[in-house]
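Survey of secondary and tertiary structure
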Amino acid sequence: MRRRSWRNSRPLGHVSRPDRWLMRRSSRLRPSRADGLLRTLSVSANHSRLWIACAAALYFSGDRAGRRAALRGLAVTGIASGLANGVAKPLFPRRRPPGEAVPFVRRILNPPVSSSFPSGHSASAAAFTAGVALEDPVSAAVIAPVALAVAYSRVHIGVHWPTDVAAGAALGVAVAVVTRRWWAARPAEPAAVGESTVAQQADPRQSTRSTNGGPGRGVVITPVRDESPRTIREAPGHR
């Protein structure tokens, strides 16, 4: 009996045509060294190990913004991972792509068996990157390509459909944004200090004083009045 191709099989359920088309496009990519790199990167993100390592590097970098970014990144990653794996997956059961969806060299030894929707790896990657961006945009710009590679790797190794990855990423970003309602982000360098310096240079008669006794906590510009008495002398013959 001839075996039916996964592309034409119907028992997968809840798999859209764009999902199948994108999966076919990915499976047709020529073998390269990227296959092993993406597989290793994907496995390293299991249980958020990759993001824990990134958070440790940020925290011990000695930069205050980096420490805040590390703490926020880990917090939102934990929340997003819990929602994706503990809430969304049981509510939205979906079969994962079959083993033959991708070439053998890409597959991992122990593929996950939980619901495919949404991708927990993508949720954690997006949440960590977005959380870091709220505190330290420069570090987030460095982490973003790694997060994108982790998200795509789930499709490349054949354990998620593309919409699983998109939904997980959206969930991660949403969690990071929502945390701003109860955890305000603090910029690395307040703009008020720079603005006051420019204003003082523009008008030398203005002085600055700190409202909280420390740099970077709010500066009030107080104009200095010239209170010296003015004497107007009239030249002789001009009365």
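Rules behind the numbers
Residues numbered from 1 in each chain as written. Predicted model: local features only at pLDDT ≥ 70, side-chain atom pairs only at ≥ 80, totals over all residues. Heavy atoms only, no water. 1 Å grid on protein atoms, 1.4 Å probe; cavity = no way out; pocket = protein on both sides within 12 Å on 5 of 7 lines; lining within 4 Å. Points joined across faces, edges and corners; volume = space filled by probe spheres on them. Salt bridge = Lys/Arg side-chain N within 4 Å of Asp/Glu carboxyl O. Helix = DSSP H or I, 4+ residues; strand = E, 2+ residues; numbered from the N terminus. Buried < 20%, exposed > 50% of the residue type's maximum accessible area, 1.4 Å probe, protein only. Core = buried A, V, L, I, M, F, W, Y, C linked by side-chain atoms within 4.5 Å. Contact = heavy atoms within 4.5 Å. Axes fitted to C-alpha atoms, helices over the stretch in contact; angles between N-to-C directions. Parallel < 35°, antiparallel > 145°, perpendicular 65-115°, else oblique. Left-handed = near helix turned anticlockwise from the far one by under 90°. Expected span 1.5 Å × (residues − 1).

**A word on the layout of surface pockets**
Considering only enclosed or pocket space, the largest pocket measures out at about 350 Å³ in volume. Contributing to the lining of the largest pocket are 18 residues, with Asn46, His47, Asn85, His121 and Arg154 lying nearest its centre.

**Topic: the pattern of salt bridges**
What the rule picks out here adds up to five salt bridges. Asp35 serves as the salt-bridge partner of Arg106, at 3.8 Å between the closest nitrogen and oxygen. Of this pair, Arg106 sits in the loop between α4 (64-91) and α5 (120-135) while Asp35 is found in helix α2 (residues 33-44), placing the two residues 71 residues apart along the sequence. Overall, the relative accessible area of 7% leaves Asp35 in the buried class. If you follow the salt bridges from partner to partner, you end up with Asp19, Arg94 and Asp164 in one network.

**Observations regarding the nonpolar core**
Core analysis: the largest hydrophobic core is formed by 15 residues, its most contacted members being Leu50, Trp51, Leu58, Phe128, Val132, Ile143 and Val150. If you list the elements that add at least two residues to this core, you get α3 (49-59), α4, α5 and α6 (137-156). The residues contacting Val132, other than those within four sequence positions of it, are Leu58, Ala69, Gly73, Pro137, Ser139, Ala140 and Ile143.

**Some words on the environment of Arg68**
Take Arg68: it is sitting in helix α4. Exposure remark for Arg68: the relative accessible area of 12% places this residue in the buried category. Along the primary structure Arg68 and Arg186 are separated by 118 residues, whereas in three dimensions their C-alpha atoms are 8.6 Å apart.

**Section: the packing of α3 against α4**
Packing of α3 against α4 brings their axes to within 7 Å, and their N-to-C directions diverge by 160 degrees. The orientation of α3 relative to α4 falls into the category roughly antiparallel. When the axes of α3 and α4 are compared, the crossing they make is left-handed. Seen from α3, the contacting residues are Trp51, Ile52, Ala55, Leu58 and Tyr59; seen from α4, they are Gly66, Arg67, Ala69, Ala70, Leu71 and Leu74.

**Some remarks on α5**
Helix length check: α5, at 16 residues, gives a terminal C-alpha distance of 23 Å against a target of 22 Å (1.5 Å per residue), a fit within 8%. The buried fraction of α5 amounts to 14 of the 16 residues, a majority that puts the element mostly inside the structure.

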